[in-house]
Amino acid sequence: MKKLVTLIALSLALSAPAWAATKTVTLFVPGMICETCPITIKKALNKVQGVEKTEVTFEKKEVVVTFDDAKTKVEALLAATKNAGYPSTVRK
Ligand SMILES: [Cu+2]
């Protein structure tokens, strides 16, 4: 019985709530001027709870962020890059 309860608890913990949606946003980071900038930006974004993936394209000064919108929102991502010294805007 105890095993079953543990199993149920585990499967609940692993499955995301129904209202959570994975979203992707492209941020434009004009302050990205050398090849180490993306590392700092990536680190800052990955610290934000709910961020699942960050992909930096240095040539375009862009960061594509995949995040769980139940845990974070775009404003928090913008704040994270800004706090790391790289103000960013949402690229449409
Ligand atoms: Cu740099």
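One numbering rule holds for all chains: residues counted from 1, following each sequence as written. Per-residue local features of the predicted model are confined to residues with pLDDT of at least 70, and side-chain atom pairs are confined, for both listing and counting, to 80 or more; whole-chain, interface and lining totals are unaffected and use all residues. Hydrogens and water are ignored here; the side-chain numbers use all heavy atoms of the structure.

### Here's the deal with the pattern of salt bridges
Throughout this description, the term salt bridge denotes a Lys or Arg side-chain nitrogen within 4 Å of a carboxyl oxygen of Asp or Glu. Applying the stated rule across the entire model yields 4 salt bridges. In this structure, D69 engages K23 in a salt bridge whose closest nitrogen and oxygen atoms are separated by 3.4 Å. In this pair, D69 sits in the loop between β3 (62-68) and α3 (74-83) while K23 sits in strand β1 (residues 22-28), placing the two residues 46 residues apart along the sequence. Residue classification places K23 among the partly exposed residues on the basis of a relative accessible area of 42%. Where R91 meets E62, a salt bridge forms, and the shortest distance between an N and an O atom there is 2.4 Å. Taken together, the residues span a long stretch of sequence, with R91 in the segment after β4 (89-90) and E62 in strand β3 at a distance of 29 residues. Strands here are runs of E lasting at least two residues and helices are runs of H or I lasting at least four, both read from the DSSP assignment and numbered beginning at the N terminus. Each residue's exposure class comes from its accessible area (1.4 Å probe, protein chains only) as a fraction of the maximum for that residue type: buried when under 20%, exposed when over 50%, partly exposed otherwise.

### Remarks on the coordination of the copper ion
Every protein donor of the copper ion is accounted for by C34 (SG) and C37 (SG), and the metal-donor separations fall at 2.1 Å. Owing to a relative accessible area of 33%, C34 belongs among the partly exposed residues under this scheme. Judged by relative accessible area, C37 falls into the buried class, the value being 4%. Metal-coordinating donors are taken as N, O and S atoms lying within 2.8 Å of the metal, or within 3.2 Å when the metal is Na, K or Ca; because water is left out, some sites can appear incomplete.

### Here's the deal with the environment of K60
Relative to the helices and strands, K60 is located in the loop between β2 (51-57) and β3. Considering only alpha carbons, one finds K60 and M32, 28 residues apart in sequence, at a separation of 9.3 Å. The residues contacting K60, other than those within four sequence positions of it, are F28 and R91. In what follows, a contact means two residues having at least one pair of non-hydrogen atoms within 4.5 Å.

### Thoughts on the packing of helix α2 (residues 37-46) against α3
Axes here refer to lines fitted to C-alpha atoms; in helices the fit is confined to the stretch in contact. Angles between the N-to-C directions go from 0 to 180 degrees. Packing of α2 against α3 leaves a shortest axis separation of 9 Å and a crossing angle of 135°. With respect to each other, α2 and α3 are oriented oblique. By crossing handedness, the relation of α2 to α3 is classed as right-handed. Counted together, I41, A44 and L45 of α2 and L77, A80 and T81 of α3 form the full contact between these two elements. Roughly parallel means an angle under 35 degrees; roughly antiparallel, over 145; roughly perpendicular, 65 to 115; everything else is oblique. Here a crossing is taken to be left-handed if its near helix is turned anticlockwise relative to the far helix by less than a right angle, and right-handed if that turn runs clockwise.

### Considerations on the nonpolar core
One finds I41, L45, V63, V65 and L77 to be the most contacted residues of the largest nonpolar core, which totals 15 residues. Elements that contribute at least two residues to this core include exactly β1, α2, β3 and α3. The residues touching L77, leaving out its near neighbours within four places in the chain, are V25, L27, L45, V48, V51, V65, F67 and T72. Only buried residues count toward a nonpolar core, which is a set of Ala, Val, Leu, Ile, Met, Phe, Trp, Tyr and Cys residues joined through side-chain atoms within 4.5 Å.

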